[in-house]
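Chain by chain, the residues run as shown.
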Amino acid sequence: MEATKLFEGVSRADVYAKYRPTWPAKVYERIMSFLSTRRSQPYQLAVDVGCGSGQSTFSLAPWFEWVIGFDISEAQIGEAIKANSVKHVEFKVSAAEKLPLEDDSVDLLTCGLAAHWLEFDAFCSEVQRVLKPRGCLAIYGHGEPWLDHPDPDVKQKLTIAFKEFDVDSIGPFWHEKRQIACDLYRDFSLPFEDSIREDNTEFRINMTLTHYLGFVRSWSACQIALEKDPSNQSFLDDYQRKILAAYGKPEVSTDDVVLDVVFPLVILLGSKADSKQ
């Protein structure tokens, strides 16, 4: 399946919108700190590409006069529009490599956990075209999330259960480009002399097991596996049982188990050269 089609379809978009976590505030604070040293306020336009159902787009609203989220999936944009109650935020269907924007019009362009799906060279050329002089690009993402626990024995059992699920159960359904994100975009270079990489931190989210299983279900590989055989959800049930067993609570409701989910974080930041230079 083409990478651009992995999140299409109403059912996929609905699960994505419901269970994908929002990014922590520190991501946007770091991005805005970088932008503030390159361009002065007011900030007129932010663009969020590969926006999915809009979780990342809404986080930009407090700083900008106008924010546009673009995604190639009509279903994802449909979910974003349904969730939108912010007057100066809008969503449109568009490929990131060919945006319906004027030259030199964007203060900040962001791409959260989507850059690995793009034709990266074409995307970088488009970024150069639409950014204002000294406008900024922020690409951010996370590596493979893992489950932490203060008890080493429980942590080891959770790690084994995840590997069995991720590699054995849904591994055959992962697109090859997924590994780019797992490697924290290590081979990506931004098309600017003024650019930095920050990949030595992480963020944590506490999720009930119910929500975590919904998050896992939103993964493209899991969606493909379920679509190939809708009647067979045994691999998800098996993963759930192993997590509950690791906690020593096989009969407990999934709403009553809270997981510490850890996400390795990467942020790539760059600024277009000033046209006067």
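What you are looking at is a predicted structure, and each value in this text was computed from that prediction instead of being measured.

(A) Geometry of the overall build of the protein chain. Within the protein chain, the secondary structure is distributed over 10 helices and 8 strands. Computed over C-alpha atoms, the radius of gyration of the protein chain comes to 19 Å, within 12% of the 19 Å expected from 2.2 N^0.38 for 277 residues, which places it in the range of a compact globule. With the C-alpha coordinates of the protein chain rotated into their principal frame, the extents come out at 65 × 35 × 35 Å. Per-residue burial over the protein chain gives 51% buried out of 277 residues. Put simply, 75% of the contacts in the protein chain that link residues at least 6 apart link residues at least 24 apart. Looking at the protein chain as shown, the accessible area adds up to about 12900 Å², and 49% of this sits on carbon and sulfur atoms.

(B) Summary view of helix 6 (residues 152-169). Between its first and last C-alpha atoms helix 6 spans 25 Å; for 18 residues at 1.5 Å apiece the expected length is 26 Å, and the two agree. V154, L158, A161, F162, F165 and D166 are the residues of helix 6 that are buried. Along the axis of helix 6, the buried positions cluster into a sector of 120°, meaning they face one direction only. Set apart from the buried face of helix 6 by more than 90 degrees, the exposed residues are P152 and D168. Elements that come into contact with the buried residues of helix 6 comprise strand 6 (146-148), helix 7 (178-182), helix 8 (209-217), helix 9 (220-228) and helix 10 (234-246). Backbone nitrogen of D153 and a side-chain oxygen of the N-cap are separated by 2.8 Å at the start of helix 6; the cap is D151.

(C) View of the packing of aromatic side chains. Enumeration according to the criterion identifies 17 aromatic pairs in this entry. Ring centres of Y43 and F64 lie 5.7 Å apart, and the angle between their planes is 40°; this geometry places the pair in the tilted category. Taken together, the positions of Y43 in the loop between helix 2 (25-36) and strand 1 (45-49) and F64 in the loop between helix 3 (55-58) and strand 2 (66-71) put the pair 21 residues apart, joining distant regions of the chain. Like Y43, the residue F64 is buried in the burial classification. For the ring pair F162 and W219, a centre distance of 6.2 Å and an interplane angle of 80° mean the geometry is edge-to-face. Placement of the pair is F162 in helix 6 and W219 in the loop between helix 8 and helix 9, with a sequence separation of 57 residues.

(D) Summary view of the packing of helix 6 against helix 10. Look at helix 6 against helix 10: their axes get within 9 Å of each other, and the N-to-C directions meet at 170°. Accordingly, the angle class assigned to the pair helix 6 and helix 10 is roughly antiparallel. For the pair formed by helix 6 and helix 10, the contact residues are V154, K157, L158, A161, F162, E164, F165 and S169 on the first element and F235, L236, Y239, K242, I243 and A246 on the second. Looking at side-chain class alone, the contact of helix 6 with helix 10 contains 10 nonpolar, 1 polar and 3 charged residues.

(E) View of the nonpolar core. Counting 88 residues, the largest nonpolar core has L109, F123, I139, Y212 and Y239 as the members making the most contacts within it. Here this core gets 8 residues from one element, more than from any other, and that element is strand 8 (residues 258-271).

(F) Unusual backbone geometry, seen in detail. Here the bond from Q41 into P42 is cis, since omega is 5°, no more than 30 degrees from zero. With respect to the secondary-structure elements, P42 resides in the loop between helix 2 and strand 1. Phi angles above zero are rare outside glycine, and L113 is one such case at about 50°. For L113, the position within the fold is in the loop between strand 4 (106-112) and helix 5 (120-130). On the accessibility criterion, L113 (17% relative accessible area) is buried. Backbone geometry places L184, a non-glycine residue, at a positive phi of 60°. When its relative accessible area of 15% is taken as the criterion, L184 is described as buried.

What counts, and where the lines are drawn
- Residues numbered from 1 in each chain as written.
- Predicted model: local features only at pLDDT ≥ 70, side-chain atom pairs only at ≥ 80, totals over all residues.
- Heavy atoms only, no water.
- Helix = DSSP H or I, 4+ residues; strand = E, 2+ residues; numbered from the N terminus.
- Rg over C-alpha atoms; globule rule 2.2 N^0.38 Å.
- Buried < 20%, exposed > 50% of the residue type's maximum accessible area, 1.4 Å probe, protein only.
- Contact = heavy atoms within 4.5 Å.
- Areas by Shrake-Rupley, 256 points an atom, 1.4 Å probe, with all protein chains shown as cover.
- Expected span 1.5 Å × (residues − 1).
- Arc of directions from axis to C-beta.
- Polar contact = N/O pair within 3.5 Å; in protein donor to acceptor, adjacent residues only side chain to side chain.
- Phe/Tyr/Trp six-rings, centres within 6.5 Å; stacked < 30°, edge-to-face > 60°.
- Axes fitted to C-alpha atoms, helices over the stretch in contact; angles between N-to-C directions.
- Parallel < 35°, antiparallel > 145°, perpendicular 65-115°, else oblique.
- Nonpolar A, V, L, I, M, F, W, Y, C, P; charged D, E, K, R; others polar.
- Core = buried A, V, L, I, M, F, W, Y, C linked by side-chain atoms within 4.5 Å.

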